[in-house]
Amino acid sequence: MAHSNPSMVPTMLLLVLISAGPETTGAKTGVCYGRLGEKLPAPSEVVALCKQNNIQRIRLYQPDHDALQALGGSNIEIMLAVPNSDLQNIASSQANANSWLQNNVKNYGNLKFRYVAVGNEVEAGNPYLVPAMQNIQNSVYGAGLGYQIKVSTAISAGVLGESYAHHPSQGSFKPEYQKLISSIISFLVRNQSPFLLNMYTYFSYQFNPQTVRLDYVLFTAPSAVMYGYQNHFDAMLDTVYSALEKAGGGSLNIVVSETGWPTEGDVGATVENARTYNSNLIQHVKKGTSRKPGTPIETYIFAMFDENQKQGPEIEKHWGLFSPDKTPKYQISFS
């Protein structure tokens, strides 16, 4: 979803994380911190809010220096984006990539960067994405941060087509995306980086409420609903794993870089459904899927706050866990 009207348009997100290495991956659920809203609290207040609510991972959509400064010494792990608007510049020279990493990562020595996401839901024909990823990766290795930070890109589940319409084992990428995805997979496999996926079960329900049951997307179905799956989240995730295997990415781990549920704006968008989805999500991702049983799914909920300055349909503005005055829209536990 996020900041290029991702919910409606198949796109990609690229993130680089600085972490203590793969053993820390786990299922700690993070939150996406977008700032396209009025009267949002200062970043220092947001960091305090994260600490109060045991939010230990955060995703930033651009190198926001106020936010990065506020995160200093917090121990919160960061997924930091290279905005789509910077891809051409960074792809054009290694020096530009080195400068970006110096200004936005190395200058903040007391931060725990986990990923650098190069671009968000990038269009299929973009010629700059993979070269930009490679230059940022070179910068990360050159800075001696290769064991801490993974470089990737965030991809919309929309690159799969109608995932609810076929058995997850039939998953494959849309033809127009196969060339770009193939290059991304080669990069990720080579660098042992995760595949970042923006995945919203809500939109499957929104566009097909007669076909896709609400309990199936809210993790509340009492038994299997489709193809032996009890929830749509696992079915979608395993569809992507199937597509990755067919494209040479069978060794890759998926990080769900965005998911969530809106509280108003369209069918099924209610506070109660959002509470149900996100609360169940936090518990569910500890368990893995049918294809990856017992493997926790690192996940980021969209979003920290409602963002009333976002473009697109009204529903794009209502995904926040908290109101701008920092009161929770509903009770949810990250513990």
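Residues numbered from 1 in each chain as written. Predicted model: local features only at pLDDT ≥ 70, side-chain atom pairs only at ≥ 80, totals over all residues. Heavy atoms only, no water.

This is how the line gets drawn: UniProt positions are given in the numbering used here, feature names are shortened, and annotations may be inferred rather than shown by experiment.
You'll find the chain entered in an unreviewed UniProt entry as glucan endo-1,3-beta-D-glucosidase, with Tripterygium wilfordii given as the organism. If you open the UniProt record of the chain and go to Sequence similarities (unreviewed entry), you find "Belongs to the glycosyl hydrolase 17 family."

**Considerations on the packing of helix α5 (residues 129-142) against helix α6 (residues 175-191)**
For clarity, the threshold we go by: Where helices are involved, their axes are fitted lines through C-alpha atoms of the stretch in contact, as for all axes, and angles between N-to-C directions lie from 0 to 180°. Every helix listed is a DSSP run of H or I at least four residues long, and every strand listed is a run of E at least two residues long, numbered separately from the N terminus. When an angle is under 35 degrees it counts as roughly parallel; over 145 it counts as roughly antiparallel; between 65 and 115 it counts as roughly perpendicular; any other value is oblique. Handedness of a crossing is defined here by the sense of rotation of the near helix relative to the far one, left-handed for an anticlockwise turn of less than a right angle and right-handed for a clockwise turn. We call two residues contacting when some pair of their heavy atoms lies within 4.5 Å. Gly falls in the polar group here, along with every residue not listed as nonpolar (Ala, Val, Leu, Ile, Met, Phe, Trp, Tyr, Cys, Pro) or charged (Asp, Glu, Lys, Arg).
Contact geometry of α5 with α6 gives a least axis separation of 10 Å together with a crossing angle of 15°. On the basis of the axis angle, α5 is roughly parallel to α6. Remark: the crossing between α5 and α6 carries right-handed chirality. Here L129, V130, M133, Q134, Q137 and Y141 of α5 lie close against α6, whose contacting residues are L180, S183, I184, F187, L188, R190 and N191. Looking at the contact of α5 with α6, its residues break down into eight nonpolar, four polar and one charged.

**Regarding the pattern of salt bridges**
Side-chain pairing between opposite charges can occur once the charged atoms of the two side chains come close. As a reminder, the rule being used: Every case where a carboxyl oxygen of Asp or Glu lies within 4 Å of a side-chain nitrogen of Lys or Arg is listed as a salt bridge. Throughout, exposure labels follow a simple rule: accessible area from a 1.4 Å probe, protein chains only, divided by the maximum for the residue type, with under 20% read as buried, over 50% as exposed, and the rest as partly exposed.
For the structure on display, the rule yields 13 salt bridges. Two residues, E258 and R59, come together in a salt bridge whose shortest N-O distance is 3.3 Å. With E258 in strand β8 (residues 254-259) and R59 in strand β3 (residues 57-60), this pair connects stretches of sequence that are 199 residues apart. Overall, the relative accessible area of 0% leaves E258 in the buried class. A salt bridge links R114 to E77; the nearest nitrogen and oxygen atoms lie 3.4 Å apart. Highlighted residues: R114 in strand β5 (residues 112-120) and E77 in strand β4 (residues 77-82), separated in sequence by 37 residues. Overlapping salt bridges, with partners in common, bring together K28, R57, E77, R114 and E298 in one network.

**Some details on the environment of L218**
By the secondary structure assignment, L218 is in the loop between α8 (214-217) and α9 (232-246). For L218, a relative accessible area of 5% gives the class buried. Separated by 60 residues in sequence, L218 and N278 place their C-alpha atoms 8.5 Å apart. Dropping the residues within four chain positions of it, L218 is found in contact with W261, N273, T276, Y277 and N280.

**Here we look at the confidence of the model for the chain**
For clarity, the threshold we go by: By definition, pLDDT measures how confident the predictor is in each residue, and it falls between 0 and 100.
Averaged over the chain, the pLDDT score is 91; the fraction of residues at 70 or greater is 92%. Low pLDDT (under 50) marks residues 2-25, which in the prediction has 158 contacts with non-local residues, meaning those over four places away or in another chain.

**Describing the packing of helix α4 (residues 94-106) against α5**
In contact at an axis separation of 8 Å, α4 and α5 are set at 60° when each is read in the N-to-C sense. On the basis of the axis angle, α4 is oblique to α5. Helix-helix and strand crossings are classified by hand; for α4 and α5 the assignment is right-handed. Residue-level inspection shows Q94, A97, N98, W100 and L101 of α4 in contact with α5, the latter providing N135, I136, N138, S139 and V140. Among the residues forming the contact of α4 with α5, the class breakdown is five nonpolar, five polar and no charged.

**What to know about unusual backbone geometry**
Note on backbone geometry: most residues besides glycine have negative phi, and most peptide bonds are trans. With an omega of 15°, the peptide bond running from F302 to A303 counts as cis. Inspection of the secondary structure puts A303 in the segment after β9 (299-302). Positive phi is not limited to glycine here, since F219 has a value of about 65°. Position of F219 relative to the elements: it lies in the loop between α8 and α9. The phi angle at Y227 is positive, at roughly 55°, despite the residue not being glycine. By secondary structure assignment, the location of Y227 is in the loop between α8 and α9. Relative accessible area serves as the criterion here: at 37%, Y227 is assigned to the partly exposed category.

**A short note on the side chain of S152**
Note the following rule: Polar contact is defined as a pair of N or O atoms within 3.5 Å, subject to the rule that within protein one atom must be able to donate a hydrogen and the other to accept it, and that residues adjacent in sequence are counted only when both atoms are side-chain atoms.
Position of S152 relative to the elements: it lies in strand β6 (residues 150-156). Here P194 takes part through its backbone oxygen, which lies 2.7 Å from a polar atom of the side chain of S152.

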